[in-house]
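The chain contents come next:
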Amino acid sequence: MKEAPLIDSREAFALAVRWGFETAMAQDARCITCVDPTFELWPLDDVALLSSLTAWVRLPQRRMVMLAARFDEVPRRQPRFTAWRRDWAHAIQALQAPEEFAAELPTVLLDDRSVSVHLMDPLHGRGRAGVDVRARLLLQERIDVVLQRSEPAFAVDTLGL
């Protein structure tokens, strides 16, 4: 397992997200939770990442949960991911946070074991990544409050008239 990267820029955050996914999958995580107001900075269109996610989601009982304030820009900014998600919609749950929580959504990737990637300062791209059960649990508790009140969003297919 590679050492957790230092997050000190937007580019470093993208590397940390890749590290978070890779580490979670290597540790046999069953659930990966991704939280961000818009997913603008996430490298979800990365071909290698999508290939790894495909191999992971094919395993039994794997699930990815996405929580956002809005998913409006994801299809435009992340077209490969949007197309990929159509094939794996049964394992990818996309939820929209209620308005009262939307402004306070953190930017976080968590697994169900010990991996956490947390972008604490989106403007300057500063954050923390690591394998630490306690840090992950603290972030998970914060997110669970919002997840419980969130509703399904980001339809797999858009209806056109």
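Residues numbered from 1 in each chain as written. Predicted model: local features only at pLDDT ≥ 70, side-chain atom pairs only at ≥ 80, totals over all residues. Heavy atoms only, no water.

> Would you explain the pattern of salt bridges in this entry?
Two side chains of opposite charge can pair, provided their charged atoms sit close to one another. Under the defined criterion, the tally for this structure stands at 6 salt bridges. The closest approach of N and O atoms between Arg77 and Glu73, which form a salt bridge, is 3.8 Å. Glu73 sits in the partly exposed class, given a relative accessible area of 30%. Among the salt bridges present, the one from Asp121 reaches Arg126, with a minimum N-O distance of 3.9 Å. Overall, the relative accessible area of 24% leaves Asp121 in the partly exposed class. Owing to a relative accessible area of 44%, Arg126 belongs among the partly exposed residues under this scheme. It is possible to trace a salt-bridge network through shared partners that takes in Glu73, Arg76 and Arg77. (Salt bridge = Lys/Arg side-chain N within 4 Å of Asp/Glu carboxyl O. Buried < 20%, exposed > 50% of the residue type's maximum accessible area, 1.4 Å probe, protein only.)

> Which parts of the structure should I look at to understand the packing of aromatic side chains?
Within a pair of aromatic rings, the relevant descriptors are the distance that separates the centres and the angle that separates the planes. Applying the stated criterion across every chain, the model contains 5 aromatic pairs. Summarising the aromatic geometry, the rings of Phe13 and Trp42 are spaced 5.7 Å apart at their centres and angled 80° between planes, so their arrangement reads as edge-to-face. Taken together, the residues Phe13 in helix H1 (residues 10-26) and Trp42 in the loop between strand E2 (31-35) and helix H2 (47-57) connect sequence positions 29 residues apart. Assessed through its relative accessible area of 1%, Phe13 is described here as buried. (Phe/Tyr/Trp six-rings, centres within 6.5 Å; stacked < 30°, edge-to-face > 60°. Helix = DSSP H or I, 4+ residues; strand = E, 2+ residues; numbered from the N terminus.)

Don't take any of this as a statement about function, it's just geometry.
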